[in-house]
Structures are given as C-alpha cells and as structure tokens.
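What follows is the residue order along each chain.
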2 protein chains.
Amino acid sequence: MKTETTIQGLSASLSSARQSRKTIGFVPTMGNLHQGHLNLVREARKICDVVVVSIFVNPIQFGPNEDFDSYPRTLEQDSNLLADVGCDIIFAPSVEQMYGKNKRLTTISVSEITNDLCGAQRPGHFDGVAVVVTKLFNIVQPNFAFFGQKDYQQLAVIKQMVQDLNMPIEVIGVPITRAEDGLALSSRNGYLSEEHRATAPAIYKALKAAETDLKNGQALTDVLAQIRADLTAQGFEVDYVEARSPMLQTVEQFDQDVVLFVAAKLGKTRLIDNLQVSHSA
Amino acid sequence: MKTETTIQGLSASLSSARQSRKTIGFVPTMGNLHQGHLNLVREARKICDVVVVSIFVNPIQFGPNEDFDSYPRTLEQDSNLLADVGCDIIFAPSVEQMYGKNKRLTTISVSEITNDLCGAQRPGHFDGVAVVVTKLFNIVQPNFAFFGQKDYQQLAVIKQMVQDLNMPIEVIGVPITRAEDGLALSSRNGYLSEEHRATAPAIYKALKAAETDLKNGQALTDVLAQIRADLTAQGFEVDYVEARSPMLQTVEQFDQDVVLFVAAKLGKTRLIDNLQVSHSA
C-alpha cells in the first residue's frame, strides 16, 4: 500500500493502472476511519482492480461554527486499518494541495434536495461536498465511487450531480454499518459521553419500531410524531424526523418505498440515521 | 468521419482510441461553422490523434430574449467543412440526449470574472456555458480542448473552472480568425445587413488604433473613450469598451499586458471583439 500526498504523485502511482485499463475504485473519506468506512473499502475491493481511499478533511464543507478544527486527524491509525482491508493507495493531500494558492471562483450547487434535512441546518455544506467530490473525481478518475448510505442525503446529492453532469463514474451506495446495539457507526460517535453513548442506540430502535408500525398500517405522520416523542423523552434534542422517497422527494403517506430520516443531538453531538422501509415486502 | 448523435454511440466510437491511449482533441461548437471554428479543428488536428467536434446549440446559455430559436442549424454544410479539415468524429446530440427527461438540479457558477463584460448583459449565460462544457468534457473525456480567443471571457471562465475543479484537460486558446477587412469571424455576422457588414470592421480598426495610441503613451482611459467615440460616431450602439488583465482582473493603466474588449450593436446584431496589447514588446 502506498500513501500519496500530492496530485502529481497520485497520478504517477495510477498511471500504470490506467494504461492497462484496470478498474479503479475510489472511497472518499475524511479519515478517523471506522468499520463503516472499511466496509466501503471491502466493497470496492470486491469489484475493482485498484482501490484508492482519500483522507481529506475538507474545510469548505464545514460551517463557521462547526468542528473543522477539532475534527479528528488519525492518519497513522487509518493507514493501518486500510492496509488490512486491501486498500492499494491512500491519497492524503494537504488543504493547499487541494485548493492551491489562488482564489477558487467556481461553485457547484445541487438545488431542491439540499434545501431540507441536513441542508437546512448546514447552509453551503452540500456545495462544499459537491466541489470536493468533483475535484477528487477529476484527480482520481475512478470507474466506481463508494459512499455510505448513512449520509443518505450526501449520497443522493452526489448521484444527482453525477447524472446531471454526465460524470463517467458509477456511484455505489453501501448500507449503513451498525454497532451491535444498532447505533450507526460515525466518526462523531467518539464525541459522546459514556452515558450518551448508552442512550444513542434509541435512534435506531425508534426507526425499527416505526418500520413495524408502518407495515402494521399506522399513518406516516403519526409514526414520525412517535419517533420524535420517543427520542425527546429519552433526552435527545430532535433536529428533524422526516420521510422521503428514495430520491428525496416529499411523501405524504406510506404508499411507496420511503426512507425515514432522523437527526438529533445528545449534548453537543449531532447524530443522524436513516432506514429505508420497503412498501412491497 | 463519423457522426454520432448519442452519448452511447460516441462512447463506442471512442472506445478503441481510449484503449490504445490515443490523445483526444475536442472542439465544442454550436455549429454554423466558419473559418474560425475550422482553425480550432486544424489546431486540434496538429497535436491530437483523434479530433472530436461537437455541434450543439445549448439552450441553457441563451437568455429568454436571445436568439436560441433562430440560431442557425446547418449540420450538413458543417459536416462537409469538418470532413475537409480532418475531423474524425462529429458529436451532434439532441437537447434531450444532453439534458434527459429528468429535471437538472446541478448548477456550476464561476464568480467575479463573469460579473461584467458580456456577463453583465447576459445573466446566467456563463453558468449555462459552464454546465454544458462540463457535460461535454465528461462525455468526450478529451486530453485537449480548443476554444477561440474571440469569446475571450468564455475561454477565461473555462480555464478558471478547469483549474478550480482539477479537470484533467488542457484548455488551449486559439487566436481570433478575421476576415480580410479585419472583422472577427462570428456566426452572428450572417445577421448583418450589407451596409452594416461594411461598417463592422470599424471595431477592429478602433482596437488597432488603440494599440498604437497605448504604445505611444496615451492614457488607458483616454484610449478607451476614443474607441467608444469612434464607434458611436459610425453608428454602433456601444455596449462596453473595457480593459482587463489577461486573467480578467481590472486594470487602471497600461503598466502590464492588457486585453481591450468591445461589444457593440449594429442594428439588432451584437458584435464582440478583443485585442491583447503586450506591454513589453
């Protein structure tokens, strides 16, 4: 496994793979890796000849009051984990390597599906994601790119952008990896106190209960209200509880597949989770 | 020479070139080709193994009161011209092929350098250019892309976008092709009446006179005012006369290389031209 910190170095490392037309799989991350990330790499390993993982804490997707400075940087530990799951190349550029010294004038925005859910609380966040993902796609030029379904809205935004701009990349969404108690794995879980960590799995439990209730015929609005009440009662500060179609269109009732979305804070730590509920099954 | 009208057909036509690592040169056009376009193709022919020319009148770069519907579509004549200058593949997609049936949610904007010159009169124009050029770049995946310096601001916007987004493409600006009387070639010249066509070369004459005046030490603001006065006296309705650095930063005086920009109407036809004046020579 190689680690490259420059665009030029990465290009050199990938040139023989490109010349021999090997398939390149790409997993963009911000590091501080957990089993959720490693499962993305394992998926990439299954279907691609060469697997590239980027580790880059992208400043432009953080708001002014968010945790850019304190976001954990754990490159050595990440490298060891990645070596074990068959990553071929780590791309770990500096901010200057990615954004250069000249002012960036170009922005990319995906409208509508970024307006609510996490977009409402994080203005500009998905624009920052769109730019860095586009830059990384242009640098790595992968055939396949792997994103976790935990950041479901991000995955939908990237799929939309790839479709709208004809990017020659297949975007693959990988199911959420959960702890044994059901908590969706997230780098931010490390911020939780012991007590909050014990409370956190209530989100998934509420989503699973909602799934059962929906399948038993309860009304969608009632089910969403129940999730909110459950979590509030357990000490969460609920940001949103919403239902959308898989492509993030609004839905009024459970007459098609829906995805249930929760964002809620425990102390200062904001957790998100989602569950797709199939209508047919 | 092949003509492809679908993305899939183009990909199939280019696949053997890609597999054998041939260099692909790309010339995006809106058709109604003249010698200016053909010179872009000749430049591409010189340095690339495979030359692709797109012909696509892009609806999203036209304003509501602009000439999208009346823009000349002359594919058969264009094809004959392109065959003569060594084009390998024409890509002539429909609007539906390029934009699909689903609503596009993704926009690309380049700020600052799009605010004035042609950007001031054409809100959204350069956003439309940025999106279609990005789509075409992702479809064709060229090594080199060729744009005329006549649309100097467009060229600067594309260079900026390519740099900001790390697009793996070298953008080459090709000098303006002029008629014998100096008029910059443009598809829109065909809209001119005989009388206006006789007047039109005054733009280039005014730019050349300005170059001489600048080199003789006249102040930049006076020289710009003189161009405006000259053209107004000859019946032009002047939109702008401006000076910028080659990267489109504002300049106050002739203490570096400057580009002089003119946009002016004769009747309903809007003509643009520019001239780079070197400070050192």
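The rules we used
Residues numbered from 1 in each chain as written. Chains lettered and ligands numbered in written order. Predicted model: local features only at pLDDT ≥ 70, side-chain atom pairs only at ≥ 80, totals over all residues. Heavy atoms only, no water. Helix = DSSP H or I, 4+ residues; strand = E, 2+ residues; numbered from the N terminus. Rg over C-alpha atoms; globule rule 2.2 N^0.38 Å. Buried < 20%, exposed > 50% of the residue type's maximum accessible area, 1.4 Å probe, protein only. Contact = heavy atoms within 4.5 Å. Lys, Arg positive; Asp, Glu negative; His and termini not counted. Charge placed at Lys NZ, Arg CZ, Asp CG, Glu CD. Expected span 1.5 Å × (residues − 1). Bend = angle between axes of the 7 residues up to and from the residue. Least-squares fit on C-alpha atoms with pLDDT ≥ 70 in both. Phe/Tyr/Trp six-rings, centres within 6.5 Å; stacked < 30°, edge-to-face > 60°. Pairing = 2+ DSSP bridges. Axes fitted to C-alpha atoms, helices over the stretch in contact; angles between N-to-C directions. Buried area = accessible area lost by both parts, 1.4 Å probe. Salt bridge = Lys/Arg side-chain N within 4 Å of Asp/Glu carboxyl O. Polar contact = N/O pair within 3.5 Å; in protein donor to acceptor, adjacent residues only side chain to side chain. Nonpolar A, V, L, I, M, F, W, Y, C, P; charged D, E, K, R; others polar. Domains from an automatic or database assignment. Core = buried A, V, L, I, M, F, W, Y, C linked by side-chain atoms within 4.5 Å.

J.: Which parts of the structure should I look at to understand the overall build of chain A?
T.: Each helix and strand counted, chain A has 10 helices and 10 strands in total. Expected size for 281 residues packed as a compact globule is a radius of gyration near 19 Å; at 19 Å, chain A falls within 12% of this value. Principal-axis analysis of the C-alpha atoms places the extent of chain A at approximately 55 × 40 × 40 Å. Counting over 281 residues, chain A shows a buried share of 54%. Long-range contacts, defined as pairs at least 24 residues apart, comprise 72% of the intrachain contacts of chain A with a sequence gap of at least 6. Computed over 26 positive and 32 negative side-chain charges, the separation of the two mean positions in chain A equals 6 Å.

J.: I would appreciate a short explanation of helix 1 (residues 7-19) of chain B in the present structure.
T.: Each turn of an α-helix holds 3.6 residues, which means side chains three or four residues apart point in the same direction. Residue and element names in this part refer to chain B. Its 13 residues give helix 1 an end-to-end C-alpha distance of 18 Å, which sits within 8% of 18 Å, the value for a rise of 1.5 Å per residue. The sharpest bend along helix 1 measures roughly 35 degrees and falls at Ser13. Along helix 1, the residues classified as buried are Ile7, Gly9, Leu10, Ser13, Leu14, Ala17 and Arg18. Buried residues along helix 1 sit in contact with strand 1 (2-4), strand 2 (24-29), strand 3 (50-55), strand 4 (89-91), helix 4 (95-99) and helix 6 (125-140). A positive backbone phi angle near 60 degrees is found at Arg21, which sits one or two residues after helix 1.

J.: Just to check I follow, could you spell out the relation of the copies chain A and chain B for this structure?
T.: Taken together, a rotation about one axis and a shift along it account for how the two chain copies relate. For the match of chain A to chain B, the screw axis carries a shift of 0.0 Å, the RMSD comes to 0.0 Å, and the turn is 180 degrees. The superposition of one copy onto the other is thereby described by a two-fold rotation axis. Distance from the rotation axis, computed per C-alpha, reaches its smallest value in chain A at Ile108 of chain A: 2.3 Å. The residues that chain A uses at the interface reappear at the interface of chain B in 100% of cases, marking a shared surface.

J.: Any chance you could explain the environment of Tyr204 of chain B here in plain terms?
T.: Residue and element names in this part refer to chain B. Tracing the sequence through the fold places Tyr204 in helix 9 (residues 202-215). Separated by 69 residues in sequence, Tyr204 and Asp273 have C-alpha atoms that sit 7.2 Å apart. Look past the residues within four positions of Tyr204 in its chain and what remains in contact with it is Arg178, Gly182, Asp273 and Leu275.

J.: Got a minute to help me understand the packing of aromatic side chains in this structure?
T.: In this description, an aromatic ring pair is defined by two values, namely the gap between the centres and the angle between the planes. Within the structure shown, the criterion is met by 12 aromatic pairs over all chains. Between Phe137 of chain A and Phe147 of chain A, the aromatic rings sit 6.3 Å apart at their centres with planes inclined by 70 degrees, giving edge-to-face as the arrangement. Highlighted residues: Phe137 of chain A in helix 6 (residues 125-140) and Phe147 of chain A in strand 6 (residues 144-148), separated in sequence by 10 residues. Here the two residues Phe137 of chain A and Phe147 of chain A agree in accessibility, since each one is buried. Aromatic pair Phe62 of chain B and Phe68 of chain B: ring centres 5.4 Å apart, planes at 65 degrees, arrangement edge-to-face. For Phe62 of chain B, a relative accessible area of 9% puts it in the buried group. Three or more aromatic residues joined by ring pairs make a cluster, and in this case those are Phe26, Phe137 and Phe147 of chain A.

J.: Explain helix 7 (residues 152-164) of chain B here, please?
T.: Residue and element names in this part refer to chain B. In this model helix 7 runs 18 Å from its N-terminal to its C-terminal C-alpha over 13 residues, within 8% of the 18 Å that 1.5 Å per residue would give. Most of helix 7 sits inside the fold, with 11 of its 13 residues counted as buried. Along helix 7, the residues that are buried comprise Tyr152, Gln153, Gln154, Leu155, Ala156, Val157, Ile158, Gln160, Met161, Val162 and Asp164. Directly beyond the C-terminal end of helix 7, a positive phi value near 55 degrees is found at Asn166.

J.: Honestly, the sheet that holds strand 7 (residues 170-174) of chain A in this entry has me stumped. Any pointers?
T.: Pairing between the strands of a sheet comes from backbone hydrogen bonds, and it takes one of two forms, parallel or antiparallel. All names here are of chain A. Here we have six strands laid out as an open sheet, ordered 1-4-3-2-6-7, and parallel in their pairing. Lying at the two open borders of the sheet, with one neighbouring strand each, are strand 1 (2-4) and strand 7. Shown here is a sheet whose adjacent strand axes are inclined to one another by a mean of 25 degrees, direction ignored. In this structure, strand 3 (residues 50-55) lies alongside strand 4 (residues 89-91), joined through three bridges in parallel fashion. When the sheet's bridge partners are listed, Ser54 is paired in strand 4 with Phe91. Running at roughly 150 degrees to strand 4, helix 1 (residues 7-19) makes contact with strand 1, strand 2 (24-29), strand 3 and strand 4 of the sheet. Each of strand 6 and strand 7 touches helix 7 (residues 152-164); the most contacted strand, strand 7, lies at about 165 degrees to it.

J.: Explain the interface of chain A and chain B to me, please; I cannot follow it from the model alone.
T.: Often the size quoted for an interface is simply the accessible area lost on bringing the parts together. Contacts between the two partners involve 31 residues from chain A, matched on the other side by 31 residues from chain B. Across the chain A/chain B interface, buried area totals approximately 2600 Å², and carbon plus sulfur atoms make up 48% of it. Between chain A and chain B we count two salt bridges in total. Salt-bridge contacts for Lys103 of chain A lead to Glu112 of chain B; the nearest nitrogen and oxygen are separated by 2.2 Å. Linking chain A with chain B are 16 residue pairs in polar contact (both at pLDDT 80 or more), by the criterion used here. Those elements that place two or more of their residues in the side of chain A that touches chain B are helix 1, strand 5 (106-110), helix 6 and helix 7 of chain A. Looking at the side of chain A that touches chain B, its residues break down into 12 nonpolar, 12 polar and seven charged. Alignment of strand 5 of chain A against strand 5 (residues 106-110) of chain B, held across five bridges, turns out to be antiparallel. Residue pairing in the sheet places Ser109 of chain A in a bridge with Thr107 of chain B of strand 5 of chain B.

J.: Help me out: how do you make sense of the domain arrangement of chain A in this one?
T.: All names here are of chain A. With domains assigned, chain A is organised as domain 1 (2-174) and domain 2 (187-274). Between the C-alpha centres of domain 1 and domain 2 there is a distance of 27 Å. Taken together, the 22 residues of domain 1 in the interface contact 16 residues of domain 2. Between the two partners, domain 1 and domain 2, sit two salt bridges. Between Asp67 and Arg188 there is a salt bridge whose closest N-O contact spans 3.1 Å. Where domain 1 touches domain 2, the interface holds nine residue pairs in polar contact (both at pLDDT 80 or more). Among the secondary structure elements, those contributing two or more residues to the side of domain 1 that touches domain 2 are helix 5 (118-121) and helix 7.

J.: I'm lost on the nonpolar core in this one. Help?
T.: Soluble globular proteins tend to bury their nonpolar side chains together. By size, the foremost hydrophobic cluster in this structure holds 96 residues, and its most contacted members are Val52 and Phe137 of chain A together with Val52 and Phe137 of chain B. Each residue touching Phe137 of chain B, except ones within four places of it in the same chain, is listed here: Phe26, Pro142, Ala145, Phe147, Ile158, Val162, Met167 and Ile169 of chain B. Ala200, Ala202, Val241 and Leu275 of chain B belong to the second largest nonpolar core, which has 31 residues in total.

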